[in-house]
Amino acid sequence: MTKPIVEIVGLRVGFGGAAAVKDVSFSIQPGETVCIVGESGSGKSVTSLSLMRLVEFGGGEILDGHLMFQRGDVTMDLVTADAATMQSIRGNEIGMIFQEPMTSLNPVFNIERQLTDGLLMHEPLSRSKARERALELLREVRIPEPERRLKQYPHELSGGMRQRVVIAIAMACRPRLLIADEPTTALDVTIQAEILALLNRLKREIGMAVMFITHDMAVVAQIADRVVVMYKGDVVETGPVAEIFAAPKAEYTRALLAAVPRLGDMAGQSAPEPLRLVGDTHDPKPLTPRATPEPLLEVRNLTTRFPVKGGVFRRTVAQVHAVEDVSFTVNKGETLSLVGESGCGKSSCGRSILRLVEATSGTVHLGGQNVLAQTKHELRGMRQHMQMIFQDPFASLNPYMRLQAQLTEPMQNYGLDNREERAAQLFDRVGLPRDFLRRFPHELSGGQRQRIAIARALAVSPGLIVADEAVSALDVSVQAQVLNLMMELQADLDISYLFISHDMAVVERVSHHVAVMYLGRIVEIGPRAAVFENPQHTYTKSLMQAVPIADPNQRKLDGDLAFKPIPSPIHPLDYQPHQSVYETVGLDHRVLVQAG
Amino acid sequence: MQLRRGGNSRCFTPGTCMTYIANRLLSVALTLLLISVITFMVTNILPGDVAMVIMGTQSNPEALAGLRESLGLNDPLIVQYGRWIGGMLTGDWGNSLVFKEAIGPLIANKVAASALIVVMSMTIALAAAIPLGVWAAVHRDKWQDTTASTTALMGVSLPDFFWGIMLILLFARYLGWLPSSGFVHPADDFIAAVRHAFLPSLALGLGLMAHLTRMTRSTMSSILSQEFIRVARAKGLTEHTVIWRYALANAIGPVMTVAGLQVGYLFGSIIVIESLFNFTGMGWLTYQALLNRDIPLIQSTVFVIAAVVMITNLVVDLLYAAIDPRIKLP
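Please read all numbers here as calculations on a predicted model, not as lab measurements.

Attention now moves to the overall build of chain A. A count of helices and strands for chain A gives 19 helices and 23 strands. Over its C-alpha trace chain A gives a radius of gyration of 26 Å, about what one expects of a compact globule, namely 25 Å for 596 residues. Within chain A, the proportion of its 596 residues that are buried is 57%. Long-range pairs, those at least 24 residues apart, make up 68% of the contacts in chain A with a sequence separation of at least 6. With an accessible surface of roughly 24500 Å², chain A has 50% of that area assigned to carbon and sulfur atoms. The centroid of the 62 positive side-chain charges in chain A is displaced by 4 Å from the centroid of its 68 negative side-chain charges.

Below you can see the structure in the form of structure tokens.
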């Protein structure tokens, strides 16, 4: 066995007294991809930042342990290395990429400067030679028109392109180890697939080792050679990827894997079904729809456009066609999911239905009444029947109000009685202890807050709940619990959900019907089984191809992937969009016809 | 400020830049017109008039009426305003009642004197505030930060004439290093001019510095916690480069904008400080004009100060756009 490129021994890292990493040991072999997986607060990022000795800049301190790093024939301990040595290692022998491509690049320097200054630091190059290398790097990460990019600034590039630039920066000096800290978490699924394929290729060609930090078991299954599972600052399990997925030893790993919805899990099922979590005793019941569907929400030809202002007089110069001729029906007690990538109009669609933004045209009938035709006063009454759960449970609760007040406030608005009793019952319903009623939001965890957000939506007994990325910000285990809660509530209270999400696996788990959105239109709509098991539209197919599957036996990231970039939804004022025309390909299963 | 983010090419191109400057100058001109109307109205609504100021309150009513007639004070206000603004536009700003000389050259002279103080105090403030603010941001929540914040708070809480008095006592009275009052024109003796302008500039600079330090600190500390700073460190750049190039390049725009807005505040402060140091600049002149009800002079000084402040802010906005590629000039 060759010597490991890096060996972490008994690492312990503290932040002002509290230990974020308690006792972590593992090693990485040359040319190997090791995935560090864990939920928020597990210490996985802190471990990677310690290896670069960057943790000190964030107020952390390495309290104990060794970071043995192989340099040539010498093994040195990075814990005791001085600042100058670390500088010569960073970016040179260890490269690193981060989570947020939108903020990873300096907004006031152009791409060339950001690509070359690391090179000039570590290698004796002339400026023109460095520029040539920068061009080469951009070609390597498959950026179109690399010459033009060098002179551009970060805000002129898309998120996927920025992440490619960040990778190019990290690869500049041909590091022997690349640390990737959640490099695809903020990206759309097709771009994620492209970036993962790119990392795989670069790893093969250059033969570098990769330390990949992620919370996403599906990504782990796709790229890892070995896996390190972390929980609350400790390593709970280490092993080859196949073993971890096939026969997890640690209880935490088993629980984590049980909580991950896998694309394809629902094949052959007729109705959504809660996930079977470890330690969950009661048998989950499937959400069989009623024999004769009863429509609750009927959306017809919904169109929403936002003005783009320009010029000295701030006139409307163009329009964003956010939602374009969208029609669908949500039945009582059922879930329809709107799925698509960022900017496809799924959120605008949900907001237009609730009239949080005003639609340009179309009709929205809720229980027979047209929501879009209501006066302000009437609308207020209607809002009792349609509620919303938002993505960020930290931002959607008022930090100055006790939870009880936040739950009783909507009831007070609609003149409901027994408010305090009802609030307590809602707490029971969403599985929170009643003594939490007196607490403030900051005293709760993210999952608990999202339960409050659900309870608040339920407070006025609505028929329809629009859930906009309601579980996207949560850890997998918490996400699974919240999803199960939502499904349980649906079974008991006969609620309908309009479930807006970018996560295909989650959508597959919860939906009765699915609508795939692209550029403001629904390109494919139908029963869950039809859309997932027999996708017809090319966009649905490429989306399905891009979704990573949490199974190391189903890898699909070979070769370079290049999905068609999504065109701009901004059009001049005189632009006349065509109508959405659908072809029926199965029972209730319709596909957008490519119109000319 | 009409700046906008976005766009898909480097926005600071000569063509758009010239249109932008033309638009902004037009809006400066319109604002000045409005200011001229307001100052003219206010000075006319106040009791007493120019004739009274010239002849004194004890003067003969008939002589007063004669003077009023000859000065055109009996004409309708609109006619008087038209005559005044016409003069302003053609360069004939009239005569000061107190100084008995043409207002145009008088103001030009004093503007040059005050410019020396404004530039020096701003330089002193920026030269101290930026390093201090960066130092505080780099050592956030440590003793360095507390020290810098306390210093800044002291600077803000104490009025600048207090600093003026303290500086006179220390540097002029006890140490005798610098003159306590007076003005020397830079063209006559540059060293002497700077020596005379130094204490008033320092007194003004201390107050400015406090604001700018706080601005630098808060901008820098939010920038230092951003991911691109981590990326810069992960590239192996030195701390010096990371802080003084990567971070400061992002912080300098907001700091300059605040500095630009403070030029307006400075022109308020120099009224007190120039009088305290007997430094004969615009502040001193405005004070004299107000004290002696020299109405033509008041109108002109207000007008000039407004113009200088507006043009300074235009220059700052252009500089901001030159530094930050995300800013698009409309």
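Here the focus is a nonpolar patch on the surface. Residues and elements named next belong to chain B. Side chains of Phe161, Ile165, Met166, Leu169, Leu170, Tyr174, Leu175, Trp177, Val272 and Leu276 sit close together on the surface and give an oily, nonpolar patch of about 920 Å² of accessible area. Elements with a contribution of two residues or more to the nonpolar patch: helix 7 (160–174) and helix 10 (239–276). If you tally residues by element for the nonpolar patch, the top one is helix 7, at six residues. With respect to the element layout, Phe161 can be found in helix 7.

Quick look at the interface of chain A and chain B now. With 33 residues of chain A in contact, the opposing surface of chain B contributes 27 residues. Of the roughly 2700 Å² buried between chain A and chain B on both sides combined, carbon and sulfur atoms contribute 60%. Its largest share of buried area at the contact with chain B, chain A owes to A:Phe98, A:Val108 and A:His155, together 19% of the area lost on that side. Counting the contacts that link chain A with chain B gives one salt bridge.

All names here are of chain B. Relative to the 20 Å expected for 14 residues at 1.5 Å per residue, helix 4 (residues 77–90) spans 20 Å between its end C-alpha atoms, a close match to the ideal helical length. Residues of helix 4 that are buried: Gln80, Tyr81, Trp84, Ile85, Gly87 and Met88. For helix 4, the angular spread of the buried residues around the axis is 155°, confining them to a single face. Across helix 4 from its buried face, at more than 90 degrees, point the exposed residues Ile78, Leu89 and Thr90. Directly after helix 4, the chain includes Gly91, whose backbone phi takes a positive value near 95°.

Here strand 22 (residues 582–586) of chain A runs beside strand 23 (residues 589–592) of chain A; their pairing, made up of four bridges, is antiparallel. Across the sheet, A:Tyr582 pairs through a bridge with A:Leu592, a residue of strand 23 of chain A.

Note that side chains of opposite charge can pair when their charged atoms are close. Going through the model one piece at a time under the given rule, you end up with 32 salt bridges over all chains. Linking A:Arg149 and A:Glu145 is a salt bridge whose minimum nitrogen-to-oxygen distance equals 3.6 Å. For A:Arg149, a relative accessible area of 6% puts it in the buried group. The exposure class of A:Glu145 is partly exposed, given its relative accessible area of 44%. Taking the shortest distance from any N to any O, the salt bridge between B:Arg24 and B:Asp317 comes out at 2.8 Å. One end of the pair, B:Arg24, is in helix 1 (residues 14–45); the other, B:Asp317, is in helix 12 (residues 295–323), with 293 residues separating them in the sequence. Look at the salt bridges and you will find they share partners, linking A:Arg71, A:Glu93 and A:Arg176 into a network.

Next up on the list: the packing of aromatic side chains. Overall, the coordinates contain twelve aromatic pairs over all chains when judged by the stated rule. Each ring, one from B:Phe40 and one from B:Tyr81, has its centre 5.4 Å from the other, and the planes form 70°; the classification is edge-to-face. Here B:Phe40 is found in helix 1, whereas its partner B:Tyr81 is found in helix 4, with 41 residues between them in sequence. These aromatic residues form a ring-pair network of at least three members: B:Phe40, B:Tyr81, B:Trp84 and B:Phe303. Sitting above the plane of the A:Phe109 ring, A:Arg113 keeps its charged end 3.7 Å from the centroid. Between the NZ or CZ atom of A:Arg439 and the centre of the ring of A:Phe436, over which it lies, the distance is 4.1 Å.

Moving on: the sheet that holds strand 16 (residues 386–389) of chain A. Residues and elements named next belong to chain A. The sheet built from eight strands is open, its strands ordered 16-17-18-13-19-20-23-22 with mixed pairing. With partners counted over all chains shown, the strands left at the sheet margins are strand 16 and strand 22, one partner each. Going from strand to strand, the sheet's axes swing by 20° on average, the running direction of each strand aside. Docked against the sheet, helix 16 (residues 476–493) engages strand 13 (335–339), strand 17 (464–468) and strand 18 (496–501), running at close to 155° with respect to strand 18. Packing against the sheet, helix 19 (residues 538–546) makes contact with strand 19 (513–518) and strand 20 (521–527), and its axis sits at approximately 100° to strand 19.

Okay, the domain arrangement of chain A next. Residues and elements named next belong to chain A. Domain annotation for chain A reports domain 1 (31–62 + 84–259) and domain 2 (297–592). Just the C-alpha atoms count here: the centres of domain 1 and domain 2 sit 32 Å apart. Taken residue by residue, the interface counts 27 residues in domain 1 and 24 residues in domain 2. Taking both partners together, domain 1 and domain 2 bury about 2300 Å²; carbon and sulfur atoms supply 55% of that area. In terms of surface lost to domain 2, no three residues of domain 1 exceed Val189, Thr190 and Gln222, which account for 27% of the buried area on that side. Along the contact surface separating domain 1 from domain 2 lie nine residue pairs in polar contact (both at pLDDT 80 or more). Every element with two or more residues in the side of domain 1 that touches domain 2 is listed here: helix 7 (189–206), helix 8 (217–223), helix 9 (241–246) and helix 10 (251–259). Among the elements that make up the side of domain 1 that touches domain 2, the one with the highest residue count is helix 7 (nine residues).

Basis of the calculations
- Residues numbered from 1 in each chain as written.
- Chains lettered and ligands numbered in written order.
- Predicted model: local features only at pLDDT ≥ 70, side-chain atom pairs only at ≥ 80, totals over all residues.
- Heavy atoms only, no water.
- Helix = DSSP H or I, 4+ residues; strand = E, 2+ residues; numbered from the N terminus.
- Rg over C-alpha atoms; globule rule 2.2 N^0.38 Å.
- Buried < 20%, exposed > 50% of the residue type's maximum accessible area, 1.4 Å probe, protein only.
- Contact = heavy atoms within 4.5 Å.
- Areas by Shrake-Rupley, 256 points an atom, 1.4 Å probe, with all protein chains shown as cover.
- Lys, Arg positive; Asp, Glu negative; His and termini not counted.
- Charge placed at Lys NZ, Arg CZ, Asp CG, Glu CD.
- Patch = residues over 30% accessible without salt bridge, like charges linked within 9 Å, V, L, I, M, F, W, Y side chains within 5 Å.
- Salt bridge = Lys/Arg side-chain N within 4 Å of Asp/Glu carboxyl O.
- Buried area = accessible area lost by both parts, 1.4 Å probe.
- Expected span 1.5 Å × (residues − 1).
- Arc of directions from axis to C-beta.
- Pairing = 2+ DSSP bridges.
- Phe/Tyr/Trp six-rings, centres within 6.5 Å; stacked < 30°, edge-to-face > 60°.
- Lys NZ or Arg CZ within 6 Å of the ring centre and 35° of its normal.
- Axes fitted to C-alpha atoms, helices over the stretch in contact; angles between N-to-C directions.
- Domains from an automatic or database assignment.
- Polar contact = N/O pair within 3.5 Å; in protein donor to acceptor, adjacent residues only side chain to side chain.

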